[in-house]
Amino acid sequence: MADPTSGPRTRPVLIQGGMGVGVSGWRLARAVAMTGQLGVVSGTALDVTLARRLQLGDPGGDLRRALASFPVPGIAERVLGRYFVPGGTAEGVPYRPVPRLGLRGSRAGDELTVVANFAEVFLAKEGTRAPSASTTWRRSSSPRPPPPTARCWPEPTTC
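In this text, all values refer to a predicted model and were calculated from it rather than measured experimentally.

Novice: Would you mind going over the overall build of the chain with me for this structure?
Specialist: Counting secondary structure elements, the chain contains 5 helices and 3 strands. Secondary structure elements of the chain occur, N-terminal to C-terminal, as β-α-β-α-α-α-α-β. Going through the 159 residues of the chain one by one, you find that 36% of them count as buried.

Here you go:
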């Protein structure tokens, strides 16, 4: 049987994903991509999901492998330093909270969100030439308005 991920790319027949927290993860998106179709990772709450998986010790090391490939190592190192617990947290110990979405934003929250989306798509694409994608909602909450410096009004084309 021919490798479905080799040869010229065509439009996918199947687009999978976007089903929500922990359902459309990298493993499902990768399985779909390995058939030559488009696997989509749900970006909903990926910041929380990554932080919790790291606090569980990242069994198998997949997330740490992805973070080692993040193009800005300092950001990946800060995320690992905040959340990774070798061997996982003890039973009954609460998860370390992640920064909440807010109008002012937070550097730590933004870094965690970007790194989490990168890690999921990196792992979904690993070992395949087929496309993978991510929806990028952060925790089913309202998105932040553009910063006051964004020139979106009255001419939206300047954004």
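Novice: Please explain the nonpolar core as it appears in this structure.
Specialist: Generally speaking, soluble globular proteins have nonpolar side chains that are buried together. Leu50, Leu54, Val79, Tyr83, Leu112 and Val115 are the most contacted members of the largest nonpolar core, which has 23 residues in total. Secondary-structure elements contributing two or more residues to this core are helix H1 (26-33), helix H2 (46-55), helix H3 (62-68), helix H4 (73-83) and helix H5 (107-125). The dominant element in this core, judged by the number of residues it contributes, is H5, at 6 residues. Ignoring sequence-local partners within four residues, the contact set of Leu50 consists of Leu63, Val79, Leu112, Val115 and Ala116.

Novice: Help me understand H4, please; the structure alone is not making it clear to me.
Specialist: One full turn of an α-helix is made of 3.6 residues, so residues set three or four places apart face in the same direction. Of the residues making up H4, those classed as buried are Ile75, Ala76, Val79 and Tyr83. Each buried residue of H4 lies within a common arc of 100° when the element is viewed along its axis, so the set occupies one face. More than 90 degrees from the buried face of H4, the exposed residues found are Glu77 and Gly81. In this structure, the buried side of H4 is in contact with H2, H3 and H5.

Novice: Would you mind showing me how to read the packing of H2 against H5 here?
Specialist: In helix packing, the relevant descriptors are the interaxial angle and the interaxial distance, both defined with respect to the helix axes. Look at H2 against H5: their axes get within 8 Å of each other, and the N-to-C directions meet at 80°. In terms of orientation, H2 lies roughly perpendicular with respect to H5. Residue-level inspection shows Leu46, Asp47, Leu50, Ala51 and Arg53 of H2 in contact with H5, the latter providing Leu112, Thr113, Val115, Ala116, Asn117 and Glu120. For the contact of H2 with H5, the class distribution of residues is 6 nonpolar, 2 polar and 3 charged.

Rules used throughout
- Residues numbered from 1 in each chain as written.
- Predicted model: local features only at pLDDT ≥ 70, side-chain atom pairs only at ≥ 80, totals over all residues.
- Heavy atoms only, no water.
- Helix = DSSP H or I, 4+ residues; strand = E, 2+ residues; numbered from the N terminus.
- Buried < 20%, exposed > 50% of the residue type's maximum accessible area, 1.4 Å probe, protein only.
- Core = buried A, V, L, I, M, F, W, Y, C linked by side-chain atoms within 4.5 Å.
- Contact = heavy atoms within 4.5 Å.
- Arc of directions from axis to C-beta.
- Axes fitted to C-alpha atoms, helices over the stretch in contact; angles between N-to-C directions.
- Parallel < 35°, antiparallel > 145°, perpendicular 65-115°, else oblique.
- Nonpolar A, V, L, I, M, F, W, Y, C, P; charged D, E, K, R; others polar.

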